[in-house]
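Chain by chain, the residues run as shown.
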Amino acid sequence: MNELHLFSMVSTGVAGLVIALGTMLPAIAMGRAIASALEALARQPEAEKTITRTLFIGLAMIESLAIYCLVIALIVLFRNPLLEYFLK
Amino acid sequence: MNELHLFSMVSTGVAGLVIALGTMLPAIAMGRAIASALEALARQPEAEKTITRTLFIGLAMIESLAIYCLVIALIVLFRNPLLEYFLK
Amino acid sequence: MNELHLFSMVSTGVAGLVIALGTMLPAIAMGRAIASALEALARQPEAEKTITRTLFIGLAMIESLAIYCLVIALIVLFRNPLLEYFLK
Amino acid sequence: MNELHLFSMVSTGVAGLVIALGTMLPAIAMGRAIASALEALARQPEAEKTITRTLFIGLAMIESLAIYCLVIALIVLFRNPLLEYFLK
Amino acid sequence: MNELHLFSMVSTGVAGLVIALGTMLPAIAMGRAIASALEALARQPEAEKTITRTLFIGLAMIESLAIYCLVIALIVLFRNPLLEYFLK
């Protein structure tokens, strides 16, 4: 069952790579959004409610991109439907 | 059935690569849009309704691009129509 | 049927590459357009209707470019007309 | 029929590459044009009709470039005239 | 007929490469021209007729460059005059 072993290795590598690459740029984007929010708060402290609400919804949208990567990484690790062809 | 095994490995790698690459630049674009929205809110707090509505529709459009990538990644993992030629 | 197997692998890779590359720069372009729209809203809130209409038509035009890539990726996966030469 | 199989693979790869590369920079160009249009609207809201008309004609011109790439990609996939030399 | 097959593959690849590379920079150039035209309209709305006429003639000139690439790509695919030496 050498192929199964190779497939396990490849899957582990893919899952790691996906989550590593897939959270890189969302992190940068979140940092930029938060930085702008803080700068905006410094200029208009009385608009606090609007700014934080806009920021949190925006962060949730960026977070969703990273969650897609997490989902694919978890599928590859836990429930890869292609794995069954190695077990038959 | 060695080809089926190789195909499974390639599919896993392609799915991972698609979602990792496909969420990178949408994340950056979202971050930029949110940053501009917050800056706009700081300058014109009274235009809040228009700004957040424009932002959310724009974020949804960018999100749709990432969802295309997710769809292709899930098709490759779960329902690749080309897989049947390996099973016959 | 070794060629059919190789063709399936190549097709899967091409479909993944097309959608990953094909949504990258449209996402950046959308982010830039939305950022400009929000900046314009901050400067001329009373021109809201014109600005959002122009933005949404523009986003739809950029979206169409990504949809071309999605169409080609789906054709390659599901209905590649060149596949029939492998099945005869 | 080995050459026909190789030709099919090459054609699929070429079609994918053409549409992926061919929509990248038109997307960037559209984003830039829309950004300028919105900035112009913010500065001269009363020139709205001229600005949007100029923008939409310009976007259609850029779109036509991406459509040329789509046409070539579809010809390569569906109706490549060079394919007949492989079938004789 | 091995040379004919190789020639067909090379022709398909060349046609795809020509249209993909040949529309990239014209798209960027158009985006830049449109951006400048819109900026000019914002500064001198009363010179609208001159600005749009200059822009459209310029866009047509840039478009002609991309059309040259399309013509070559279509000639290579459909009516390559060098093909006859492979058929004799």
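Everything that follows concerns the structure shown earlier in this document.
Position numbers for residues count from 1 along each chain, tracking the sequence in the order it is written. Chains carry letters from A onward and ligands carry numbers from 1 onward, assigned in written order. Predicted model: local features are reported for residues with pLDDT of at least 70 only, side-chain atom pairs are reported and counted for 80 or more only, and whole-chain, interface and lining totals are derived from all residues. Hydrogens and water molecules were not included; the side-chain quantities draw on all heavy atoms of the structure.

Mind laying out the relation of the copies chain C and chain B, listing which residues take part and the relevant values?
Each of the two chain copies can be generated from the other by rotation about an axis followed by a shift along it. When the copies are superposed, the least-squares fit draws on C-alpha atoms of residues that have pLDDT of at least 70 in both. Superposition record for chain C on chain B: RMSD 0.1 Å, screw rotation 21°, translation along axis 0.0 Å. Whether two residues are in contact is decided by their heavy atoms: any pair within 4.5 Å suffices. Of all interface residues in chain C, a mere 19% are interface residues in chain B too; the two copies therefore contact each other through different surfaces.

I'd like a rundown of the relation of the copies chain E and chain D, residues and numbers included.
Rotating chain E by 20° and moving it 0.2 Å along the rotation axis overlays it on chain D with an RMSD of 0.2 Å. Comparing interface residues between copies, only 19% of those in chain E also lie at the interface in chain D; the contact surfaces differ.

A description of the interface of chain C and chain B should follow, citing residues and the corresponding values.
With 47 residues of chain C in contact, the opposing surface of chain B contributes 43 residues. Here the quantity called buried area is the accessible surface, traced with a 1.4 Å probe, that two parts lose on coming together, added over both. The contact between chain C and chain B buries some 3,900 Å² in all, and 79% of this surface belongs to carbon and sulfur atoms. It is C:M9, C:L38 and C:L77 that lose the most area in chain C upon contact with chain B, and together they represent 16% of the buried surface on that side. For this document, the term salt bridge refers to a Lys or Arg side-chain nitrogen within 4 Å of an Asp or Glu carboxyl oxygen. Linking chain C to chain B there are 1 salt bridge. Note that C:E48 is salt-bridged to B:R53, the shortest N-O span being 2.6 Å. N or O atoms closer than or at 3.5 Å make up a polar contact, with two conditions inside protein: a donor-capable atom paired with an acceptor-capable one, and, for residues adjacent in sequence, both atoms drawn from side chains. At the junction of chain C and chain B, the tally comes to 6 residue pairs in polar contact (both at pLDDT 80 or more). For the side of chain C that touches chain B, the secondary structure elements donating two or more residues are helix 1 (2–43) and helix 2 (48–78) of chain C. The helix and strand labels rest on DSSP assignments: H or I over at least four residues marks a helix, E over at least two residues marks a strand, and numbering proceeds from the N terminus. The biggest single contributor to the side of chain C that touches chain B is helix 1 of chain C, with 28 residues. Across the side of chain C that touches chain B, the residue classes break down as 32 nonpolar, 10 polar and 5 charged. Three classes are used, and their members are as follows: Ala, Val, Leu, Ile, Met, Phe, Trp, Tyr, Cys and Pro are nonpolar, Asp, Glu, Lys and Arg are charged, and the others, Gly among them, are polar.

Give a description of the packing of helix 2 of chain C against helix 1 (residues 2–43) of chain D that names residues and reports values.
In a pair of packed helices, the angle between the axes and the distance between the axes together describe the arrangement. Whenever a helix is involved, its axis is fitted only over the stretch in contact; in every case the axis is a line through C-alpha atoms, and angles between N-to-C directions fall within 0 to 180 degrees. Remark: helix 2 of chain C packs on helix 1 of chain D, axes separated minimally by 10 Å, with the N-to-C direction vectors making an angle of 175°. In terms of orientation, helix 2 of chain C lies roughly antiparallel with respect to helix 1 of chain D. Counted by class, the contact of helix 2 of chain C with helix 1 of chain D contains 19 nonpolar, 7 polar and no charged residues. The scheme is simple: roughly parallel for angles under 35 degrees, roughly antiparallel for over 145, roughly perpendicular for 65 to 115, oblique for anything else.

Requested: an account of the packing of aromatic side chains, with residues and values cited.
All names here are of chain A. Here is the rule: rings of Phe, Tyr and Trp (six-membered ring for Trp) pair when centre to centre is within 6.5 Å. Planes less than 30 degrees apart are stacked, more than 60 are edge-to-face, and the remainder are tilted. Across all of its chains, the model carries 5 aromatic pairs over all chains by this definition. Plain terms: the ring middles of F7 and F86 are 4.3 Å apart, the flat faces sit at 25° to each other, and that makes the pair stacked. Pair noted here: F7 is in helix 1 (residues 2–43) and F86 is in helix 3 (residues 84–87), with a separation of 79 residues, a long-range link.

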